[in-house]
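The primary structure of each chain is shown beneath.
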Amino acid sequence: MKLHFTKMHGAGNDFVVIDATARRFQPLPALLARLSDRRFGVGCDQVLVVESPSTPDVDFDYRIFNADGSEVGQCGNGSRALARFVRERGLSDKNVIRVRTQTSVLELRHVDGDRYRVDMGVPQLEPAAVPFAAAARAERYTLTLAQGTPLEIGVASMGNPHAVIAVADVDTAPVATLGMALQSHPAFPQSVNVGFLQIVDPRHVRLRVYERGAGETLACGSGACAAVVVGRLWGQLDPVVDVQVRGGQLTIEWAGEGQPVLMTGPAVTVFEGDIEWPN
Ligand SMILES: N[C@H](CCC[C@H](N)C(=O)O)C(=O)O
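Residues numbered from 1 in each chain as written. Predicted model: local features only at pLDDT ≥ 70, side-chain atom pairs only at ≥ 80, totals over all residues. Heavy atoms only, no water.

Under an unreviewed UniProt entry, the name given to the chain is Diaminopimelate epimerase, and the organism recorded is Solimonas terrae. If you open the UniProt record of the chain and go to Pathway (unreviewed entry), you find "Amino-acid biosynthesis; L-lysine biosynthesis via DAP pathway; DL-2,6-diaminopimelate from LL-2,6-diaminopimelate: step 1/1." In its Catalytic activity (unreviewed entry) section, UniProt records this for the chain: "(2S,6S)-2,6-diaminopimelate = meso-2,6-diaminopimelate". (UniProt positions renumbered as here; feature names shortened; annotations may be inferred.)

For the rest of this paragraph, the subject is the UniProt feature "active site" (unreviewed entry) in the chain. Per the UniProt annotation, the sites labelled "active site" (unreviewed entry) are Cys75 and Cys220. These residues run over 146 residues, yet every pair of their C-alpha atoms falls within 7.8 Å of each other. The annotated residues that sit in the lining of the largest cavity are Cys75 and Cys220. One can find Cys75 in the loop between strand E5 (71-72) and helix H2 (76-88). (1 Å grid on protein atoms, 1.4 Å probe; cavity = no way out; pocket = protein on both sides within 12 Å on 5 of 7 lines; lining within 4 Å. Helix = DSSP H or I, 4+ residues; strand = E, 2+ residues; numbered from the N terminus.)

Right, let's talk about the layout of surface pockets for a bit. Here the largest pocket is characterised by a volume of approximately 320 Å³. Considering the residues around the largest pocket, the lining is formed by 21 residues, among which Met1, Leu3, Arg23, Arg24 and Phe25 are closest to the centre. Contributions of two or more residues to the lining of the largest pocket are made by strand E1 (2-10) and strand E2 (13-20). Among the elements that take part in the lining of the largest pocket, E1 stands out by supplying 5 residues, more than any other. Residues belonging to the lining of the largest pocket are distributed by class as follows: 12 nonpolar, 4 polar and 5 charged. (Points joined across faces, edges and corners; volume = space filled by probe spheres on them. Nonpolar A, V, L, I, M, F, W, Y, C, P; charged D, E, K, R; others polar.)

Shown next as structure tokens:
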């Protein structure tokens, strides 16, 4: 069987996108590995599957699989890629489309050129909703790492779990070391995406993210949203922030508690292809 796919990226966070609106896609582990593996397969951070809606309140269902095969409930950069994918393939004639993931309903729209805008929903800040083991909600938590080092973090969910660490310089931050340490920390029962946030000024930040199930990516949309939410809760960021990531730039807007986070950024189609796969 020939499986058609589209290779896309959002600020360097890259995806293999499958149109499963007309034909069901079976997310077999070996097939996901073939699509994700950068040497033995196509290669991407996440595989995105677009399906016909399971409920009338949305236009599409949207499944997200990390490079390690784990299925998750949010992918911000991926949602912009999905908006472009739907537009380019004429899967909808609407200007604003609603998509459902395992954990969220998102609203997507084309802005201009390569730029798309996503309503990422209201961030969840209660520890149990992340999930994160803490007695009560706080703006800052202190975790003790294996070697006894205390670490101060912010925590938020955008439909997927995020920890945010303030650093003086993202270029020298111990992204992989601390990222892996937090991902295996018992306080995060479903692991976590770990953001390293350098605040340049209240309107400009730099960010690197060590993602759950993918390692460090060149951009993480939900990570950029979580970092701005935490930075605003710390009283250090404006309502509109430009987030410089290694693969480009995202603009994140958050008016405050109880309000949705809006993310604007690029989505690019790189190429299309087919792989042979036994059906
Ligand atoms: N790259 C994605 C995040 C994927 C989420 C995944 N790493 C997880 O939650 O496990 C983004 O732009 O939001």
